[in-house]
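Here is what each chain is made of, one letter per residue.
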Amino acid sequence: MTPKKAPTWARTSARRVSYKQGAREVYVKPLNNTVAVRYREGAESLVYEALRSQGRVRAIEAQRLLITEFPNAARYTEAAKQLQLWEDEGVVEFVTPVLRDEESQLQQILTDEITVRFKAVLNTKQLQEVEEKYGVTIVRQNEFVPRQFVVKVPQTRGLRTLDVASQLDAADAVEFATPNFISEYRR
Amino acid sequence: MPFIYTVTREKVELAVSANDIGVRFATPDVALKSARTLRGAAKVLHEDSPRAYGRVMLLHGSGVARAAFANVRDALPSKDMQSVRRTVPVYIEQDSGLRMISTREIAVRFKSKVTDDQQAKLLASLSLTERRPNEFNPRQYVVVPAENVDEWAALELANKLSEQDSLVEYAAPNFISEHRKAAATNDPRLRSQWHLNNSGGGGALAGEDVDAFLAWNITPGGSPAIVIAIVDDGVDIKHPDLQANIWVNPNANAPDRNGRNFYDDDYNPRPRYFHPPYDQLEGNDSHGTPCAGVATAVGNNRRGVAGIAYNCRILPVKIFGADALAPNDRVADAIRYAGQHAQVISCSWSSPWNSDLESAIDDVVQGGRGGKGCLVFCATGNGYQSKIAFPAKHPRVLAVGASNDQGKRSQYSNYGQGIQFVAPSSDHGRAGITTTDVSLRNRGFNLRSAYTSDFGGTSSATPLAAGIAALVLSVNPVLTWTQVRDIMRATAEKIDPQGGNYQNGYSLQYGYGRLNAHQAVTCAQLG
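Model, not experiment: these values are computed from the prediction. (Residues numbered from 1 in each chain as written. Chains lettered and ligands numbered in written order. Predicted model: local features only at pLDDT ≥ 70, side-chain atom pairs only at ≥ 80, totals over all residues.)

**Q** So what's going on with the overall build of chain A? Residues and values would help.
**A** Across its full length, chain A carries 4 helices and 11 strands. Relative to the globule expectation of 16 Å for 187 residues, the C-alpha radius of gyration of chain A, 17 Å, shows essentially globular dimensions. Each principal axis of the C-alpha atoms in chain A carries an extent, and together these give about 50 × 35 × 35 Å. Expressed as a percentage of its 187 residues, the buried residues of chain A come to 40%. Long-range pairs, those at least 24 residues apart, make up 66% of the contacts in chain A between residues at least 6 apart in sequence. (Helix = DSSP H or I, 4+ residues; strand = E, 2+ residues; numbered from the N terminus. Rg over C-alpha atoms; globule rule 2.2 N^0.38 Å. Buried ≥ 20, exposed ≤ 12 C-beta atoms within 10 Å, placed from the backbone. Contact = placed C-beta atoms within 7 Å.)

Put into structure tokens, the structure is as follows:
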């Protein structure tokens, strides 16, 4: 069943937004009518075919990502309804905007992950407190830096990952917290 | 006080060497035998070992030039002592640092309309006589002073001849000069690698290079103990001109046998993503292989090209597929991984700023090499901009821009505050860089070959700079990262002095100048 109303994240306008990284304010701008969709294992062809009928799709297989640019807002809104449904059903993991970093002019795909480095090694209880306070789940510890983790923001919607990253970055125990973007690199 | 002689109005500055003396024997065979005997006694052969040419032997020793003749003679094998005639001065040319043994001979070329009579009168006025005509130029002779005039006077007499500029085209002492052998390798495409040794041709300006051949005299391709990480898309580890230099994990049980792939999260760093058109950068996994070749393609294997550090090792660390999209945490961890196994890290790319990558660079620069610090080289970018990209602008990164075969900044090369150096690379309408290319059939920038001549950008300048750092560490592995940086800064050439507008040795266009491998390794060798 297709929802009648487009989800709120689909109404994210292409306005300039920012997130905090220590003393630095980083500015990004969502690309018009463009989303990044991470599908569940095995759902690639279903999601890919549906999106391809609505817009131009770029597949990043290694990341299970489909970056889709819709020709207009109407197509985008229509697709967003279906994506919302799939997200609720677990067919897709997240649907997020594609941003353009103001300084480098490179694209950044917002994901549901944040990289957090704590100032000291925290015990299990302290880590649980962080999870509860910020509503995140620790998904992996860094291989090289034991006090660094990747946390997941559940029910990612729109720019929510940016907001949570800014909150975590300001926490006393945190050295830095940064959205784990999938970034464009210029070779 | 410096000595000067003049050739075609160019002043050549010399200093008398305090630590070298020429010993003139009665016959050439005694000079040669004496040099061999002394070398044999020393057991270790190095550039300061006694050497002979003709009747003259070059003898090196602390303060030997000030020693009395009898003392020098007494230092020789006893049976050769009687053959010693005299000692002669050894000069050091200030520009090159090379030694020149004075002889009594002067080479003189007269101007074309000078008559035989005029020549004879001039020579007689200086008590010079013709010893032999030049075989190839009828206006040129070797002349010598009277018997009682020794080698010390030859310089002054040559200068007196030079002063007769209505008659003399040039006159110069016929020194026995030390020559530095340019240690070219036998790689057939080496002559196209102008960035290593630019002898001119094709509109390029000779000398606009990093003096690699001279550096290779000191450290031929560097040491296999030094590892350069190429953090990029795939590196073709089966390429015939790279394979022998690919890092092998010393831990035989480790899964990362030859590097690591952070993009696909496995241990195969080879290129694997290709989309047509296959010869374009966009959409293809073909950027890491030429970068690796510039730094460390195998040299002296009678195949293809040579990397500047052709005996060092390559650690392939794959972070991109075809699209140059990658998660921030994987790229940051790739740098941390590289810092565990490599001394030098080369990054020919730019990205949006992020804290994780910034901290990864801090991690390896502060903690790598047992605290001495890894050297991280990053491209300034090819955006025609007056600011450099991230991560090149990170204060602990060595930001590398590009210069062309004319000794000028490449038009596209980003410059501005934070640039450290430039290194030779391509430019619009100028020669590109010859290096390795993906060897898979119909893949790579050159679909018909495993080599390309069209690589370039700051992408090429960066592994060249990384390779020079690897040579520096090869001759002096205990240097800290700041010491290596300071050596590279201090020995860089201030190219384009007008356009560069250097202030206190630093230019926003060129940083501290264009890297010079020879000067850098020479300086590193001295500690």
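**Q** Lay out the environment of A:E175 with the relevant residues and their values.
**A** Residues and elements named next belong to chain A. Structurally, E175 can be placed in strand β10 (residues 174–179). In sequence terms E175 and V121 are 54 residues apart; their C-alpha atoms lie 11 Å from each other. Setting aside residues no more than four positions away along its own chain, E175 makes contact with R117, F118 and K119.

**Q** Outline the packing of helix α7 (residues 328–341) of chain B against helix α8 (residues 355–367) of chain B, listing residues and values.
**A** All names here are of chain B. It is at 8 Å that the axes of α7 and α8 come closest, and there the two elements cross at 5°. Compared by their axis directions, α7 and α8 come out roughly parallel. Residues N328, D329, V331, A332, I335, R336, A338 and G339 of α7 touch α8, and the partners they reach there are D356, L357, A360, I361, D363 and V364. For the contact of α7 with α8, the class distribution of residues is 8 nonpolar, 2 polar and 4 charged. (Axes fitted to C-alpha atoms, helices over the stretch in contact; angles between N-to-C directions. Parallel < 35°, antiparallel > 145°, perpendicular 65-115°, else oblique. Nonpolar A, V, L, I, M, F, W, Y, C, P; charged D, E, K, R; others polar.)

**Q** Lay out the sheet that holds strand β9 (residues 106–110) of chain B in plain terms, naming residues and giving numbers.
**A** Residues and elements named next belong to chain B. Pairing is antiparallel in the open sheet, where 4 strands are placed in the order β10-β11-β9-β12. The open sheet has two free edges, formed respectively by β10 (128–133) and β12 (168–173), since each of these has just one partner strand. Averaged over neighbouring strand pairs, the angle between their axes works out to 30° when direction is ignored. Pairing analysis gives 5 bridges linking β9 to β12, with the strands arranged antiparallel. Within β12, the position partnered with A107 by the bridge is A172. (Pairing = 2+ DSSP bridges.)

**Q** Talk me through α7(B); I want residue IDs and the actual numbers.
**A** Here α7(B) contains 14 residues, and its C-alpha end-to-end distance of 21 Å stays within 8% of the 20 Å for a straight helix at 1.5 Å per residue. Among all positions in α7(B), only B:N328, B:D329, B:R330, B:V331, B:A332, B:D333, B:A334, B:I335, B:R336, B:Y337, B:A338 and B:G339 are buried. (Expected span 1.5 Å × (residues − 1).)

**Q** Can you lay out the domain arrangement of chain A for me, pointing to particular residues and giving the numbers?
**A** Note: interface size is frequently given as the accessible area lost on complex formation between the parts. Residues and elements named next belong to chain A. Each domain of chain A was delimited in the assignment, giving domain 1 (30–103) and domain 2 (113–183). Put simply, the middle of domain 1 and the middle of domain 2, counted by C-alpha atoms, are 25 Å apart. At 3 residues, strand β5 (residues 92–101) tops the list of elements feeding residues into the side of domain 1 that touches domain 2. Classifying every residue of the side of domain 1 that touches domain 2 by side-chain character gives 3 nonpolar, 2 polar and no charged. (Domains from an automatic or database assignment.)

**Q** Describe unusual backbone geometry, listing the residues and the values that go with them.
**A** Omega for the peptide link from B:P276 to B:P277 comes to -5°, which places this bond in the cis form. Of note, B:P277 is situated in the loop between β15 (260–261) and α6 (288–296). The residue after B:F390, namely B:P391, is reached through a cis peptide bond having omega 5°. By the secondary structure assignment, B:P391 is in the loop between β19 (375–379) and β20 (398–403). A positive phi is found at A:R64, a non-glycine position, where the angle reads about 50°. Mapped onto the fold, A:R64 is located in the loop between β3 (56–60) and β4 (65–69). Unusually for a residue other than glycine, B:D211 sits at a positive phi of about 55°.

**Q** Could you give me a rundown of the interface of chain B and chain A, with the residues and numbers involved?
**A** Contact with chain B, which involves 30 residues of that partner, is made by 25 residues of chain A. Residue composition of the side of chain B that touches chain A, grouped by class: 12 nonpolar, 11 polar and 7 charged.

**Q** Tell me about the environment of B:S453, and name the residues and values.
**A** Residue and element names in this part refer to chain B. Secondary-structure assignment places S453 in strand β23 (residues 451–455). When the C-alpha atoms of S453 and P290 are compared, they prove to be 9.9 Å apart, with 163 residues separating the residues in sequence. Beyond its immediate chain neighbours, meaning those up to four positions away, S453 contacts S192, G432 and T434.

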